Amino acid sequence: MIMGHPAGLFVLFFTEMWERFSYYGMRALLTVFLITEIAKGGWEWTNADAMQLYAWYTGLVYLTPLLGGILADKFIGFRKAILLGALIMTLGHLSMAFEGISSNFFYAGLVMMILGNGLFKPNISSMVGNLYPDSSSKKDAGYTIFYMGINAGAFLGMLLCGYIGEKIGWHYGFGLAGVFMLFGMLQFYFGRKIFGAIGEQPKKQLEMDVKKAVDQEVEEDTPKHIVRDRLVVVGVLMFASLFFFFAFEQAGGSMTVFAKDYTQRVLEGNSGIIFKWVDALLTIFPIIIVSYVLYSLGKKIIKKYPLTIVFTAISFVIIWILGGWKVYREFSIEQTEVTVSWFQILNSFFIITLASSFSKMWEKVWNPSGPIKFAMGLALVGVGFVALAIGSNSIPQGATSASVSMIWLILAYFFHTTGELCLSPVGLSYVSKLSPKRLAGLLFGLWFTASAIANFIAGMTGSYIDKISHTYSMSVFFLIIAAIPIFAAVALLLLNPKLKKMMHGIN
C-alpha cells in the first residue's frame, strides 16, 4: 500500500501518465501544425479542413476502445492489450516524426495512434477498477489519483512537445511524444507481476484468482432487474457525458484557433517577465510533484521490481533536463511569445493542483450522487464558454484576427477543469461499480464510444467557427456551445431521484 492505495495503482499511474504524455503532446501540435503557414513548416490548411481532420482523428481514437475492450475481455486479457497498444502507439509516433519526408508517414502515424489507443485505453481503466472491491469507499479516490496521473502526463506532453514542436521543429515534437510512450510500455512490462492475476488472459485469471471467482458467484446472485436498472443508469450517464465532451473537446479545436488568431500572445515589458516566471513555475512544480510520487513508489517496490523504477527514473531525468532547458531558453530570449499549445496545459495544471482536494471532498466533506456530480460538471463547462463569449464580445463581426486578453482563455480552462473533476473520473468509477464484471471491458469501451461521438461532433462543430463568427460573431459561437451542456445539466438534476433509486445502493 502507498498513500492508502494498492501499489499497483501507481504502476498504472505512470503507465497511463506516459501514454497521455504521448497522446496529448501530439494532439497539442496537431491543429496548430495543420493551420500554420508552409513557410513556418506547417501545412497551411484552412481552419475548417483542420477541424474536420481533428474530428475524425479524435473521434476514432475514442471509438476503437470498444473493440479493444471486447478483445481483452474475450481473448488476450488486459495486460497483453495494454502492452500491444503501447507498442503500436510508439511506432505511430515514430512514423509521425518523419512527416517532413512524406505526408504518408504523418497519416500512417495517425492510424497507428488510433489502433494502439483502442487496445490501451479501456483496459488500463478496467485494471484500476479491479484493484478495489466494488463496496470500497476508496474507489472514487483511487480513480481521482489515477486521473491525476493522466493529467500529469497530458500537462508535460503539451508543455514540452508543444514547445519543442512550435519553437524548434514539428517533427521533433512528434518524435519526443513517442520516446515517453516507449518508457511507459517498459515500466509496465517489468512491473506487471505486481498485479497478481489481475489482467491475465481470461481463462488463466479465473483459475488463479479465487476472489474473482467469488465475485462471479455474487454477480450471478444479483437479480436481473437490478443489473438491468444499473445498466440503464450507466447508459444515461454515458449519454450525459456526450454533452460534456462536446464542449470540453473544443480545447484542441476551436479554442486552439481562438488562441492562435484572436488572443494576445506577444507580451512585452513587465507582463513578459511575469509570464516567464509563471511559465517556469508551471514547468518545474508539476515535475516535482510526480517525482515525489515516483519516489514513494520506488521505496516500496524497487527491490522486487527494479527495472520498472529504473526505466521510470530515466524518463524523469530526461524530463528534468528538457524542463530546465526550456526555462533557460525562455529567459535568454528578449521577446516573450506564448505558444498556442501553452493554453492547453492549463487544464492539466489545474487538475494536478486540484485533484487531491476534490478527492478529499468526495471522501470526507460532501459526496453527492453520480448524477449530481455529472450535472455540476456540465454546468461548469458551460460557464467556461460563457467566459469566452464575454471575452470575445469586443471582436468585430467577421474579423480574422484580434488581440483579446489571455485571461479569458485561462478562466475558461479553469471552469472546464473543475467541471471535468466532477464528471470524468467519477464517470470511470461509476462504470466500474455499476457494470457486471463479465462486461466491464465492453462497458468501458462503450464509455469511450460516447467520447468518440462527442469528439467527432466537437470537431465538426469547431469547423463552423469561421462561418458563425462571420455571419453573427465569435461571441455567439461560444454562447451556442455554452448553452448545450447547461441544458443537459438541468435535465440531469431533474432525473437524479429516479437514477439514484435505480442504482440500488451503489452510490
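In this text the structure is predicted, and so the values were computed from the model without any measurement.

J.: Explain the overall build of the protein chain to me, and be specific about the residues and the numbers.
T.: When helices and strands are tallied, the protein chain shows 18 helices and two strands. Taken over C-alpha atoms, the radius of gyration comes to 22 Å for the protein chain, in line with the 23 Å a tight globule of 507 residues would show. On the principal axes, the C-alpha backbone points of the protein chain span a range of 65 × 50 × 45 Å. When contacts within the protein chain are restricted to residue pairs at least 6 apart in sequence, long-range pairs at least 24 apart make up 86% of them. Within the protein chain, the 29 negative side-chain charges are centred at a point lying 8 Å from the centre of the 38 positive side-chain charges.

J.: Tell me what's going on with the pattern of salt bridges, and back it up with residues and numbers.
T.: Within this structure, the stated rule accounts for eight salt bridges. Put simply, Glu-16 and Lys-121 hold a salt bridge, and the shortest N to O gap is 2.6 Å. Taken together, the positions of Glu-16 in helix H1 (residues 7-35) and Lys-121 in helix H4 (residues 103-130) put the pair 105 residues apart, joining distant regions of the chain. There is no split in this pair, since Glu-16 and Lys-121 are both buried. Glu-337 is the partner of Arg-265 in a salt bridge, and the nearest nitrogen-oxygen pair spans 3.6 Å. Remark: Glu-337 occurs in strand S2 (residues 336-337) and Arg-265 occurs in the loop between helix H10 (254-262) and strand S1 (266-267); sequence separation between them is 72 residues. Taking the relative accessible area as the measure of exposure, Glu-337 reaches 34% and is therefore partly exposed.

J.: Run through the packing of aromatic side chains, naming residues and quoting values.
T.: On inspection of all chains with the given rule, the structure shows 42 aromatic pairs. Site record: aromatic cluster; members linked through ring pairs are Phe-10, Phe-13, Phe-14, Trp-18, Phe-21, Phe-180, Phe-183 and Phe-316. Just above the ring of Tyr-163 sits the side chain of Lys-326; from NZ or CZ to the centre is 5.2 Å. Sitting above the plane of the Trp-362 ring, Lys-373 keeps its charged end 4.4 Å from the centroid.

What counts as what
- As a convention, each chain's residues are numbered from 1 in the sequence order in which they are written.
- Under the rules for a predicted model, residues below a pLDDT of 70 receive no local features and side-chain atom pairs below 80 are neither given nor counted, while totals for whole chains, interfaces and linings still include all residues.
- With hydrogens and water stripped out, all remaining heavy atoms of the structure feed into the side-chain values.
- Going along the chain from the N terminus, every DSSP run of H or I of four or more residues is numbered as a helix, and every run of E of two or more is numbered as a strand.
- Atoms counted for the radius of gyration: C-alpha only. Globule rule: 2.2 Å times residue count to the power 0.38.
- In what follows, a contact means two residues having at least one pair of non-hydrogen atoms within 4.5 Å.
- As used throughout, the charge tally considers Lys and Arg to be positive and Asp and Glu to be negative, leaving His and the chain termini uncounted.
- Just so you know, the charge point we use is NZ for Lys, CZ for Arg, CG for Asp and CD for Glu.
- For salt bridges, the criterion is a side-chain nitrogen of Lys or Arg within 4 Å of an Asp or Glu carboxyl oxygen.
- The rule is simple: take the accessible area with a 1.4 Å probe, protein chains only, and divide by the maximum for that residue type; under 20% is buried, over 50% is exposed, in between is partly exposed.
- By convention, a stacked pair of Phe, Tyr or Trp rings (six-membered ring in the case of Trp) has centres within 6.5 Å and planes under 30 degrees apart, an edge-to-face pair has planes over 60 apart, and any other such pair is tilted.
- Two limits define a charge over a ring: the Lys NZ or Arg CZ must be within 6 Å of the ring centre, and within 35 degrees of the ring normal.

Everything listed here is a matter of coordinates, which is why it stays silent on function.
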